[in-house]
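# Coordinates in review
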Amino acid sequence: ATGTQAMLTDDEALKAAREVLAKMTLEEKCSLMGGCATMYLNAIPRVGINREWSFNDSTHGMKPEHRRDWWGYVDGVDDRSTCLPCQSALAATWNVALAAKHGHVMGEQMRARGKDQMLGPGVNIVRTPLCGRNWEYISEDPCLNAKMVVPLIRAAQSHGLATTVKHFCLNDQELNRFKVNVNVDDRTLNEIYLPAFRAAIKEGGSLAIMTSYNKVNGIHASENAYLQKAVLR
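Predicted, not measured: the structure shown is a model, and the values here were computed from it.

## As for the nonpolar core
The nonpolar side chains of soluble globular proteins are, as a tendency, buried together. Core analysis: the biggest nonpolar cluster contains 36 residues, and V123, V149, C169, L170, L189 and L227 have the highest contact counts within it. Excluding anything up to four places from it in sequence, V123 contacts Y137, I138, N145, V149, V165, K166, A196 and F197.

## Digging into the pattern of salt bridges
Tallied over the entire structure, the rule returns 15 salt bridges. The residue K166 makes a salt bridge to E136 at a minimum N-O spacing of 2.9 Å. Residue K166 is located in strand β4 (residues 162–168), and its partner E136 is located in the loop between β3 (117–118) and α6 (142–157); the two are separated by 30 residues in the primary sequence. Under the relative-accessibility criterion, K166 is labelled buried at 1%. In this structure, a network of salt bridges that share partners links the residues D57, K63, R133, E136 and K166.

## Focus: the sheet that holds β4
On the basis of which strands lie adjacent, the open sheet formed by 5 strands has the order β1-β2-β3-β4-β6 and mixed pairing. The sheet is open, and its two borders are formed by β1 (40–41) and β6 (208–211), each paired with just one other strand. Of the pairings in the sheet, the one linking β1 to strand β2 (residues 53–56) comprises 2 bridges and is antiparallel in character. Residue pairing in the sheet places L41 in a bridge with W53 of β2. Across the sheet, helix α8 (residues 195–202) lies against β4 and β6, angled at about 160° from β4, the strand it touches most.

## Topic: the confidence of the model for the protein chain
Residues at a pLDDT of 70 or more form 97% of the protein chain, whose mean pLDDT is 92. Below pLDDT 50 for its whole length, residues 1–5 participates in 7 contacts with residues either more than four positions away or in separate chains.

## Structural notes on the packing of aromatic side chains
As enumerated under the stated definition, the model contains 2 aromatic pairs in all. Note on F168 and F197: the rings are 5.2 Å apart at their centroids and 80° apart in plane angle, and the pair reads as edge-to-face. Of this pair, F168 sits in strand β4 while F197 sits in helix α8, and the two are 29 residues apart along the sequence. For the pair F168 and F197, a shared accessibility class is recorded, and that class is buried. Geometrically, the ring pair formed by F178 and Y213 is edge-to-face, given 5.2 Å between the ring centres and 75° between the ring planes. Of the two residues, F178 sits in the loop between β4 and β5 (181–182) while Y213 sits in the loop between β6 and β7 (215–216), which places them 35 residues apart along the sequence. Using a relative accessible area of 48% as the deciding quantity, one classes F178 as partly exposed. The side chain of R68 reaches across the aromatic face of Y40, ending 5.1 Å from its centre.

## Considering the pairing of β4
A large share of β4 lies buried, amounting to 7 of its 7 residues. As paired elements, β3 and β4 share 2 bridges and run parallel to each other. Looking across to β4, one finds that Q117 is bridged to A162. Crossover handedness for the path β3 to α6 to β4: right-handed. Across 3 bridges, the pairing between β4 and β6 is parallel. Among the inter-strand pairings, F168 is bridged to a residue of β6, identified as T211.

## Focus on the packing of α6 against α8
α8 packs onto α6 with a crossing angle of 25° between their chain directions and a minimal axis gap of 8 Å. With respect to their mutual orientation, α6 and α8 come out roughly parallel. Of the two elements, α6 crosses α8, and the hand of that crossing is right-handed. Counted together, P142, N145, A146, V149, V150 and I153 of α6 and P195, A196, A199 and A200 of α8 form the full contact between these two elements.

The rules behind the values
- Residues numbered from 1 in each chain as written.
- Predicted model: local features only at pLDDT ≥ 70, side-chain atom pairs only at ≥ 80, totals over all residues.
- Heavy atoms only, no water.
- Core = buried A, V, L, I, M, F, W, Y, C linked by side-chain atoms within 4.5 Å.
- Buried < 20%, exposed > 50% of the residue type's maximum accessible area, 1.4 Å probe, protein only.
- Contact = heavy atoms within 4.5 Å.
- Salt bridge = Lys/Arg side-chain N within 4 Å of Asp/Glu carboxyl O.
- Helix = DSSP H or I, 4+ residues; strand = E, 2+ residues; numbered from the N terminus.
- Pairing = 2+ DSSP bridges.
- Axes fitted to C-alpha atoms, helices over the stretch in contact; angles between N-to-C directions.
- pLDDT = per-residue confidence, 0-100.
- Phe/Tyr/Trp six-rings, centres within 6.5 Å; stacked < 30°, edge-to-face > 60°.
- Lys NZ or Arg CZ within 6 Å of the ring centre and 35° of its normal.
- Right-handed = clockwise from strand over helix to strand, strands pointing away.
- Parallel < 35°, antiparallel > 145°, perpendicular 65-115°, else oblique.
- Left-handed = near helix turned anticlockwise from the far one by under 90°.

Structure below.
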């Protein structure tokens, strides 16, 4: 069960993951790259992955259940959940205990709905008031972002849920987000844009991270060797 696996130590989890990977064929590994349905990864019972892995894309309340073959929602399913204040409102409290409560509510309700992974929290800097996802991010301050995200992640993951800190990195506008090129120097990157990601992983222990859509210094973040290997790894 996911809850059981989440209680393993880092070394135990790494050992278990390597044992499973060693049993998988290349085709089976590739099958996990694209998913088997909307917000689901396929099961591979042969190697001990006995059920599908389920995601929910949310930071302050669970989305309704998607149809398996497209992004529409399933009709007639009781999938209600608590709508919490958005993360920017949470950050305005400067209350780390409240951030932990937020994480506990998300973790409890996601596990109750059978979800394994939360696609959040978002910790990008609120750089411009015109960004279409500011509500999903925490604030314009790197220190406040780092302080608030750690208890939220720890609380959510204490329920056997994997969080996915996003979007790594410099995803600070929605307009043309797939093509925009963000030019940044190392000092600005490390002092403003990375502290919350660093805290989310090193202190919060986030089990997953999502890359951003944009280019960073001319190379898309998802294939940017400097960001993914020199910085993140």
